[in-house]
Amino acid sequence: MSLTLGSLFDGIGVFPLAASRQGITPVWASEIEKVPISITKRHFPDMLHLGDITKLKGSEIPPVHIITFGSPCQNLSTIGFREGLAGSKSGLFYHAIRIIKEMRCATNGIFPVIAVWENVAGAFSSNHRLDFKSVLESFTDSEIPMPDSGRWAKCGMVRGSVADICWRLLDAQYWGEPSLVQRRKRVFVVADFGGQRAAEILLKSRQLYPLPDTGTESRLSATGTSGISAAETGREIPVLCPFEERRMRSCAKSGDIPGFLRSFGRADDPFPTLLASDVTPFAFWYEDDPEDGCIRFVTETESERLMGLPEGWTKYGADGVEIRPLQRYKALGNAIALPCADYIMAGIYEVLADRAGKEE
């Protein structure tokens, strides 16, 4: 059986990329930003682009086994205004739920089999923690009680009337190769409409799929993990120390000296989360001469590496024209770390292919 995927709020096609690496065929995507659409079209020229999610009807688009969506996080993020799912951006979540229900109704409950939602960790706490409750209830069509503690655990599961649900907070710094060192916490929710396999998809230990070849010899890394000796380079090995720019500015404004000093990371610290609205600088100097170092920004290519993406993934659009750096930074800051998406797609392929094998 050939498994298929549809990607809502597609961005630069990370879910389709992870799916294709598992043998799952990306069929369509929905996105409204021109630059991400152009990037995705370049890599997936045969994938349909459906446009604005608010204008789609699940009963009229091609049915697929898997629907993924990382709905806008602006109103859920701890650095935003925290309007929650009532906000104009994050509230688009309900359009994805509508499309899933319309497709299931039109296909007599056959498609989609699996849905995956991704968002910022702030989804656990926005709107007095009621937004995440609403997310779970939207998938399950069931009343979900608040935890006795009043807080949502970093992973858990519920079984509703129409779906088996599992959620888990994944941090990109712990996934993929050791050279993927970005601190990027995201909530992933897996809904299984065809069985009780959500936990198997999201909690089961499995071997990680190798990251694409992205020029490992020049990846961002500290001296302890670079594996390159000074003799090989002909000079001292550069030490990279990430700066937490937002903490630095906040602590400087409030006069928090200890906090300000902590914003200067060590060479073995993970890089701060890449943001769509910002570029995070880091310190760079040669090993034996820190006073002669300098501060520079993470490049677009280094940002791709921090996301686990193939080098140059965002460099060109479908027309072959090179994309401007600020547009690449924004697209990458809104994206999903590939190793986390890989892990989930591997789990989905495992359970759906296993079911198909048994049916045959």
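What you see is a predicted model; the values in this text were computed from it and never measured.

Conventions and cut-offs
Residues numbered from 1 in each chain as written. Predicted model: local features only at pLDDT ≥ 70, side-chain atom pairs only at ≥ 80, totals over all residues. Heavy atoms only, no water. Helix = DSSP H or I, 4+ residues; strand = E, 2+ residues; numbered from the N terminus. Buried < 20%, exposed > 50% of the residue type's maximum accessible area, 1.4 Å probe, protein only. Contact = heavy atoms within 4.5 Å. Areas by Shrake-Rupley, 256 points an atom, 1.4 Å probe, with all protein chains shown as cover. Salt bridge = Lys/Arg side-chain N within 4 Å of Asp/Glu carboxyl O. Axes fitted to C-alpha atoms, helices over the stretch in contact; angles between N-to-C directions. Parallel < 35°, antiparallel > 145°, perpendicular 65-115°, else oblique. Left-handed = near helix turned anticlockwise from the far one by under 90°. Nonpolar A, V, L, I, M, F, W, Y, C, P; charged D, E, K, R; others polar. Pairing = 2+ DSSP bridges. Expected span 1.5 Å × (residues − 1). Core = buried A, V, L, I, M, F, W, Y, C linked by side-chain atoms within 4.5 Å.

1. Considerations on the overall build of the chain
1) Next: From N to C terminus, the chain includes 12 helices and 11 strands.
2) Next: Taking all 360 residues of the chain together, 52% fall into the buried category.
3) Next: Of the contacts made within the chain by residues no fewer than 6 positions apart, 66% connect residues no fewer than 24 positions apart.
4) Next: In the form shown here, the chain has an accessible surface area of approximately 16,800 Å², with 53% of it arising from carbon and sulfur atoms.

2. Focus: the pattern of salt bridges
1) Next: Scanning the model with the defined rule gives 13 salt bridges in all.
2) Next: Here E118 ties to R186 by a salt bridge, and the two come within 3.5 Å at their closest N and O atoms. With E118 in strand β5 (residues 114-120) and R186 in strand β8 (residues 185-192), this pair connects stretches of sequence that are 68 residues apart.
3) Next: Its relative accessible area of 6% is what places E118 among the buried residues.

3. What about the packing of helix α3 (residues 93-106) against helix α4 (residues 130-140)?
1) Next: Their axes nearest at 10 Å, the elements α3 and α4 cross at an angle of 15°. Judged by the inter-axis angle, α3 sits roughly parallel to α4. Seen along the crossing, α3 lies across α4 with a hand that is right-handed. Residues F93, Y94, I97, I100 and K101 of α3 pack against S134, V135, S138 and F139 of α4.
2) Next: For the contact of α3 with α4, the per-class residue count stands at 6 nonpolar, 2 polar and 1 charged.

4. A short note on the sheet that holds strand β7 (residues 164-171)
Pairing between the strands of a sheet comes from backbone hydrogen bonds, and it takes one of two forms, parallel or antiparallel.
1) Next: Reading across from one edge, β3-β2-β1-β4-β5-β8-β7-β6 is the order of the 8 strands in this open sheet, with mixed pairing throughout. Only two strands of the sheet have a single neighbouring strand rather than two, namely β3 (48-49) and β6 (155-159).
2) Next: Note that β7 and β8 share 8 bridges and pair antiparallel. Across the sheet, R168 pairs through a bridge with F188, a residue of β8.
3) Next: Across the face of the sheet, α3 comes into contact with β1 (4-8), β2 (25-30), β4 (66-69) and β5 while running at roughly 175° to β4.

5. Observations concerning α3
1) Next: Helix length check: α3, at 14 residues, gives a terminal C-alpha distance of 20 Å against a target of 20 Å (1.5 Å per residue), a fit within 8%.
2) Next: Elements in contact with the buried residues of α3: β1, β2, β4, β5 and α4.
3) Next: Where α3 ends, the next residue or the one after it, N108, has phi of about 55°, a positive value.

6. Quick look at helix α2 (residues 34-43)
1) Next: Along α2, the residues that are buried comprise V35, P36, I37, S38, I39 and T40.
2) Next: As for α2, its buried residues are in contact with β3 and α11 (325-333).

7. A short note on the nonpolar core
1) Next: I12, I114, L309, I344, M345 and I348 are the most contacted members of the largest nonpolar core, which has 50 residues in total.
2) Next: Breaking this core down by element, the ones donating at least two residues are α1 (14-20), α2, β5, β7, β8, α5 (198-203), α11 and α12 (338-359).
3) Next: With 9 residues, the top contributor of residues to this core is α12.
4) Next: Residues contacting I12, with those up to four places away along its chain left out, are P36, I39, T40, L309, W313, T314, A331, L332 and A335.

Everything listed is a geometric property; what it means functionally is a separate question.
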